Amino acid sequence: MEASIILPVLKKKLAFLSGGKDRRSGLILTIPLCTEQTSMEELSATLDYLLSIPSEKCKARGFTVIVDGRKSQWNIVKTVVLMLQNVIPAEVSLVCVVKPDEFWDKKVTHFCFWKEKDRLGFEVILVSANKLTRYIEPCQLTDEFGGSLVYDHLDWVNKRLVFEKFTKESTSLLDELTVINENEKGSQAEKDRSSESNILPSFDPETVLQTGHELLSELQQRRFNGSEGGGSGTAWSPMDDELLAQPQVMKLLDSLREQYTKYQEVCRQRSKRSQLEEIQTKVMQVVNWLEGPGTDQLRTQWGIGDSIRASQALQQKHEEIESQHSEWFAVYVELNQQIAALLTAGDEEDLVELKGLQQQLSDVCYRQASQLEFRQNVLQSAHEFHMTAQDLSQQLDGLLGMLCADVAPADGAAIQQTLKHLEEKLKSVEGALQSLREKGQVLLDQMSTQTSFSYGKDVGSENKENIDHIHSVMEDMQLRKQRCEDMVDVRRLKMLQMVQLFKCEEDASQAVEWLGELLDALLKTHIRLGDDSQETKVLLEKHKKFVDVAQSTYDYGRQLLQATVVLCQSLRCTTRSSGDTLPRLNRVWKQFTVTSDERQHRLEMASAFHTAAEKILRESPELAELMVDVEAYEEVETVGKGLLDRLTVPVIFPDGSEQFFGSPGDMASSAESIRDRMKLVEEKRFLQEEEQQRLDEEALEAGPRES
């Protein structure tokens, strides 16, 4: 009987083996009666199942049955005790009926079990729960009887299910594995027949073994805990070696491991034989296709095309061929890995055959792969050659278009940019032609080695057409490039002259601007006349240098305009700016000349003024007897007034326009400086006149005294 069959009944806990033992080491069977009506059939089935668990040796020590009648009626207790006579009379040594605290009515207890001992076959005693320890140790009793033995009925049921499931599956698996292993020992014909049949067992050996190991570990752990736990902690469980036959689990595991190891070897041998046959079949399939249809496909592909579109069509066709080959190469890689694995773990008799298959497969695949790669390289080189030729042709067309177009630049910078662009175009053409030569040479070299991969086919005529086409393209591009270079030289010379023309015009305009700036600076910043004669002389020297710079600028502009005329005559074109530049240059120069002359005249007057004033003012008080001529004072006054009048007069240009030096404040500052000096000279003149008057008076007084 299996626990799974009566699982609902077992869960009711009508009876159980707690794992406890009496003082004779007999197992304790507990029957907990309840207030509800107990089904005798279910109780009988439960007892039958529980009594089937212990070993015969354990049964021989007898059972102590505890009938818990505290929650039941006397007639039910009596029925259960009598039922024990029919179910387990030989195995029962003692029946302890636990009575309630208030005993049953005496009129229903006239039945004396002790008088019926001979007829029942076992002794029956009535005992209260607190006195049950007289017959059984407390550590062997569960907590409902005041003991310390821990028992979980649902856990016990679950472990029983696991144990019985393992026992059933392992036994069935052992039988299947034994049959499979025995068949493998037969003749080769039997092996072939058995290999055709299904050799998979009903249960997964790994799962069954894992379940067994977990169960064994649980049993050993419970036994260890029970032997040391005593009355505290985890107590004995009925799943020890006496109830669950722990040696039986170990024996089943050992047998199962042994048969499973043999089964694995059987599977390995069968798999190796099957794999070897499969490899032989696949190898021949790969070899036959590569040496047959694969080779025929490559024999028809030798051209390189005469354009990008033609080379792309050939590449697309080659990709289709490669795609078909790649499927077989993938099979080759897989087969090679399988053969390598078999060589590593194969037997001696298989090594020679495997190495032969591997060598044959590798030779064919490598030869075919080399042919594919060579053809791919040729097509790639041809495609690059045609692309470079087309790019070079487009560049030459663009360069020729630039050379045929009229040159109408806006200025020198545009000419420089156009010339730079032309040079870049020519340089790009030279680089593209050099690249075309290199790619053509690579393709020619490949053409010369193509005959070695012809599989016996004569490809000389086709190669000659390809080679002639390559040479023709390169020669044509060389001639076109040479014609463009000649035209570039002519265009370069013309554009350089135009650059010079625009440069001269630009520089001439710049000279006019410089003269204008010099004139503006002369009018706005060259204002000071100096505070003394020395400073005025320095300003005169600076003014001369300033005028020299302006003269050089004017001369430079004239020379540039003359060069412009010469270049225009050479280029047979009229300049757009020189006709306006020359009048502007002359007009600004005349304005500058008038302004510089006025500046020169004012500085000279200032120098004469300061020189005369300093001659008067530098006389020291100790030399007071030295009298200055009246003419000197008059000269200072005359020059000073003339200079002040000059400062109020504007510069009048040839065109009638007027311009003052500096701002009104600047003129006022210069005039104030001159007036201050004239005031000092006037004070000196006044002092001199007083001194002269004093001397005259002294002379008059001295005359009468002498007379």
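Residues numbered from 1 in each chain as written. Predicted model: local features only at pLDDT ≥ 70, side-chain atom pairs only at ≥ 80, totals over all residues. Heavy atoms only, no water.

If you check an unreviewed UniProt entry, the protein chain appears there as SEC14 domain and spectrin repeat-containing protein 1 from Anabarilius grahami. Its UniProt record, at the heading Sequence similarities (unreviewed entry), says of the protein chain: "Belongs to the SOLO family." (UniProt positions renumbered as here; feature names shortened; annotations may be inferred.)

This part is about the overall build of the protein chain. Counting its secondary structure elements, the protein chain contains 18 helices and seven strands. Within the span of the protein chain, comprising 707 residues, buried residues form 41% of the whole. Partitioning the intrachain contacts of the protein chain with sequence separation of at least 6 by distance along the chain shows that 83% fall at a separation of at least 24. Surface summary for the protein chain: the accessible area is close to 38,600 Å², and the carbon and sulfur share equals 52%. (Helix = DSSP H or I, 4+ residues; strand = E, 2+ residues; numbered from the N terminus. Buried < 20%, exposed > 50% of the residue type's maximum accessible area, 1.4 Å probe, protein only. Contact = heavy atoms within 4.5 Å. Areas by Shrake-Rupley, 256 points an atom, 1.4 Å probe, with all protein chains shown as cover.)

Relative to the helices and strands, L132 is located in the loop between β5 (123-128) and α6 (153-184). For L132, a relative accessible area of 0% corresponds to the buried category. With 13 residues separating them along the chain, L132 and F145 place their C-alpha atoms 7.6 Å apart. Beyond its immediate stretch of four places on either side in the chain, L132 contacts I66, C96, V98, V127, L141 and F145.

Helix length check: helix α4 (residues 74-87) (14 residues) gives 20 Å between terminal C-alpha atoms against 20 Å at 1.5 Å per residue, within 8%. Within α4 the residues assigned to the buried category are W74, I76, V77, V80, V81, M83, L84 and Q85. (Expected span 1.5 Å × (residues − 1).)

On to the sheet that holds strand β2 (residues 27-32). In space, the five strands of this open sheet follow the order β1-β2-β3-β4-β5, with mixed pairing throughout. Among the strands making up the open sheet, the edge pair consists of β1 (16-21) and β5. Looking at each pair of strands side by side, their axes are set apart by 25° on average, direction ignored. With six bridges joining them, β2 and strand β3 (residues 63-68) adopt parallel strand pairing. Residue I31 lies in a different strand from β3, and its bridge partner there is V67. (Pairing = 2+ DSSP bridges. Axes fitted to C-alpha atoms, helices over the stretch in contact; angles between N-to-C directions.)

Right, let's talk about the side chain of E614 for a bit. Its location among the elements puts E614 in helix α16 (residues 578-617). Look at E614 and you get buried, because its relative accessible area is 17%. Within the local environment of E614, its side chain forms a polar contact with the side chain of S533, the two groups lying 2.6 Å apart. Ignoring sequence-local partners within four residues, the contact set of E614 consists of D532, S533 and R677. (Polar contact = N/O pair within 3.5 Å; in protein donor to acceptor, adjacent residues only side chain to side chain.)

This paragraph deals with the pattern of salt bridges. Tallied over the entire structure, the rule returns 27 salt bridges. When the shortest N-O distance is used, the salt bridge between K282 and E278 registers 2.9 Å. Of the two residues, K282 and E278 are both situated in helix α10 (residues 246-299); the distance of four residues between them amounts to about one turn of the helix. Between R367 and E291 there is a salt bridge, and its shortest N-O distance comes to 3.6 Å. Of the two residues, R367 sits in helix α12 (residues 348-404) while E291 sits in helix α10, which places them 76 residues apart along the sequence. The partly exposed category is assigned to E291, whose relative accessible area is 45%. Bridged by salt links that share partners, the residues E423, D489 and R492 form one connected network. (Salt bridge = Lys/Arg side-chain N within 4 Å of Asp/Glu carboxyl O.)

Applying the stated criterion to the full structure yields six aromatic pairs. Their ring planes at 35° and their centres at 5.9 Å tell us that F546 and F592 sit as a pair that is tilted. Here F592 lies in helix α16 and F546 lies in helix α15 (residues 533-571), a separation of 46 residues in the sequence. Residues F546 and F592 agree in their burial class; the two are buried. Look at W589 and F592: their rings are 5.8 Å apart centre to centre, the planes differ by 15°, and that puts the pair in the stacked class. A residue pair is termed a helical-turn pair when its members lie 3 or 4 positions apart in one helix, as W589 and F592 do in helix α16 at three residues. Judged by its relative accessible area of 15%, W589 is buried. (Phe/Tyr/Trp six-rings, centres within 6.5 Å; stacked < 30°, edge-to-face > 60°.)

Of all six residues making up β2, five are buried, and the element is well covered by its neighbours. The pairing of β1 with β2 spans three bridges and is antiparallel. Note on β2: the bridge partner recorded for F16 is T30. Counting the residues in the hairpin turn of β1 and β2 gives five residues, including S25, whose phi is positive at 70°.

Now for helix α2 (residues 40-51). The first and last C-alpha atoms of α2 sit 16 Å apart over twelve residues, in line with the 16 Å expected at 1.5 Å per residue. Of all the positions in α2, only L43, A45, T46, L47, Y49, L50 and L51 are classed as buried.

Right, let's talk about the packing of α6 against α10 for a bit. Direction vectors running N to C along α6 and α10 enclose 40°, while the axes themselves pass 9 Å from each other. Classified by the interaxial angle, the pair formed by α6 and α10 is oblique. Relative to α10, the crossing made by α6 is left-handed. Counted by class, the contact of α6 with α10 contains 13 nonpolar, eight polar and four charged residues. (Parallel < 35°, antiparallel > 145°, perpendicular 65-115°, else oblique. Left-handed = near helix turned anticlockwise from the far one by under 90°. Nonpolar A, V, L, I, M, F, W, Y, C, P; charged D, E, K, R; others polar.)

Formed by 55 residues in total, the largest nonpolar core has its most connected members in L392, L399, L436, L443, M477, L515 and F592. When contributions to this core are tallied by element, the ones reaching two or more residues are α12, α13 (412-449), α14 (460-524), α15 and α16. Each of two domains, domain 2 (399-493) and domain 3 (526-700), supplies a minimum of three residues to this core. In this structure L443 touches I304, V378, S381, A382, F385 and I470, once residues within four positions along its chain are discounted. Grouped together as the second largest cluster of nonpolar side chains are 38 residues, L51, W74, V80 and V95 included. (Core = buried A, V, L, I, M, F, W, Y, C linked by side-chain atoms within 4.5 Å. Domains from an automatic or database assignment.)

It is worth spelling out the side chain of S533 at this point. With respect to the helices, strands and loops of the structure, S533 is situated in helix α15. The residues touching S533, leaving out its near neighbours within four places in the chain, are H610, T611 and E614.

In this section: the packing of α2 against α4. Axis separation between α2 and α4 bottoms out at 11 Å; the angle between their running directions is 40°. As judged from the angle between their axes, α2 and α4 are oblique. Between α2 and α4 the crossing geometry is right-handed. Where α2 abuts α4, its residues M40, L43, S44, L47, D48 and L51 lie against I76, T79, V80, M83, L84 and V87.

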